[in-house]
Amino acid sequence: MSPATPTSAATVPLLETPRLILREYRASDFEPFARHLSDPISAEFLGVVDRPTAWRFFCSHVGMWQLYGAGWWSVTLREGGEPAGHVGAFLREGHNGLELGWSIYRPFWGQGLAGEAAATVLDYAFQTRREPQVHALIDPGNIASRRVAERLGLHFDGNTELHGKPVERYVGSATSSAIA
């Protein structure tokens, strides 16, 4: 797969669900993003980071759209517009294929927002980008994310490593996904 290379400023597609709006990151999204990544409970499977590192992650999420025409969305509540997390369909350096990722901020856990946002992004990957396959890398202890992946129709494809840490790889194709 060859990633799309935009020739001008990237446009982040606006995606919507009954409860959510998935939109480009805004400067005002950084505070909840940084809080999430500094909270040992929220970031248990991501790794707790300090504010400067959170800023670098935030900016890299934004920049992926410019480089590859794919990246991360801010997940916001349709009612009130409050940031509730982030979800992505992105390309990771050194890895092949489009990767899905999701992370919901702790005040919004248990409401099904991760699955709702990820299903919308999966549909975008298959229907709009015409990706033949996607994958998600999930910490073996992250039961909630494994359940989201399985509900999306992704299946366990084996163990691998990410930055020296063991992770499980889940994959789905346009023909095998629950979204297809």
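Attention here is on the structure that accompanies the text. (Residues numbered from 1 in each chain as written. Predicted model: local features only at pLDDT ≥ 70, side-chain atom pairs only at ≥ 80, totals over all residues. Heavy atoms only, no water.)

1. Section: the layout of surface pockets
The following threshold applies: The rule is simple: put a 1 Å grid over the protein atoms alone, call a set of points where a 1.4 Å probe fits but cannot get out a cavity, call an open set with protein on both sides within 12 Å along at least five of seven lines a pocket, and count a residue as lining if it has an atom within 4 Å of a point. Grid points are joined across faces, edges and corners, and a volume is the space filled by probe spheres set on the points. Secondary structure is summarised from DSSP: a helix means a run of H or I of at least four residues, a strand means a run of E of at least two, and numbering begins at the N terminus for each. Three classes are used, and their members are as follows: Ala, Val, Leu, Ile, Met, Phe, Trp, Tyr, Cys and Pro are nonpolar, Asp, Glu, Lys and Arg are charged, and the others, Gly among them, are polar.
Taken as a whole, the largest pocket encloses approximately 1500 Å³ of empty space. Lining the largest pocket are 49 residues, and of these Phe45, Leu46, Trp72, Trp102 and Ser103 lie nearest its centre. Elements represented by at least two residues in the lining of the largest pocket include exactly helix H1 (30-38), helix H2 (51-68), strand E4 (83-90), strand E5 (98-104), helix H3 (113-128), strand E6 (133-138), helix H4 (143-151) and strand E8 (165-173). Ranked by residue count, the leading element in the lining of the largest pocket is E5, at six residues. Residues of the lining of the largest pocket, tallied by class, amount to 27 nonpolar, 15 polar and seven charged. Size it by volume and the second largest pocket reaches roughly 180 Å³.

2. Section: the packing of H1 against H2
For any two helices packed against each other, the geometry is given by the interaxial angle and the distance between the axes. To keep it simple, the criterion reads: Helix axes are fitted only over the stretch in contact, all axes being lines through C-alpha atoms; the angle between N-to-C directions runs from 0 to 180 degrees. Any angle between 65 and 115 degrees counts as roughly perpendicular, while under 35 counts as roughly parallel, over 145 as roughly antiparallel, and the rest as oblique. Crossing chirality is assigned from the near helix's rotation relative to the far helix, an anticlockwise turn below a right angle marking it left-handed and a clockwise turn marking it right-handed. Any two residues whose heavy atoms approach within 4.5 Å are treated as being in contact.
H2 packs onto H1 with a crossing angle of 125° between their chain directions and a minimal axis gap of 9 Å. One way to sum up the angle between H1 and H2 is to call them oblique. The handedness of the crossing between H1 and H2 is right-handed. Of the residues in H2, those in contact with Phe30, Glu31, Phe33, Ala34 and Leu37 of H1 are Arg51, Ala54, Trp55, Phe57, Phe58 and His61. Its residues assigned to classes, the contact of H1 with H2 comprises eight nonpolar, one polar and two charged.

3. Considerations on the environment of methionine 64
Topologically, methionine 64 is positioned in helix H2. Spatially, the C-alpha atom of methionine 64 lies 9.4 Å from that of arginine 92, the residues being 28 residues apart in sequence. Once residues within four sequence positions are removed from consideration, methionine 64 is found in contact with Gly69, Ala70, Gly71, Trp72 and Phe90.

4. So, the pattern of salt bridges
The condition that has to hold: Any carboxyl oxygen of Asp or Glu that lies within 4 Å of a side-chain nitrogen of Lys or Arg is treated as forming a salt bridge with it. Think of it in three bands: with a 1.4 Å probe and only protein chains considered, a residue is buried below 20% of the maximum accessible area for its type, exposed above 50%, and partly exposed in between.
Scanning all chains against the criterion turns up 11 salt bridges. Of the charged contacts in the structure, one is a salt bridge between arginine 23 and aspartate 29, with a shortest N-O distance of 2.8 Å. Like aspartate 29, arginine 23 is buried. Notably, a salt bridge pairs arginine 106 with aspartate 39, separated by 2.6 Å at the nearest N-O pair. Of the two residues, arginine 106 is situated in the loop between E5 and H3 and aspartate 39 in the loop between H1 and H2; the sequence distance between them amounts to 67 residues. On the basis of relative accessibility, which here comes to 15%, the residue aspartate 39 falls in the buried class.

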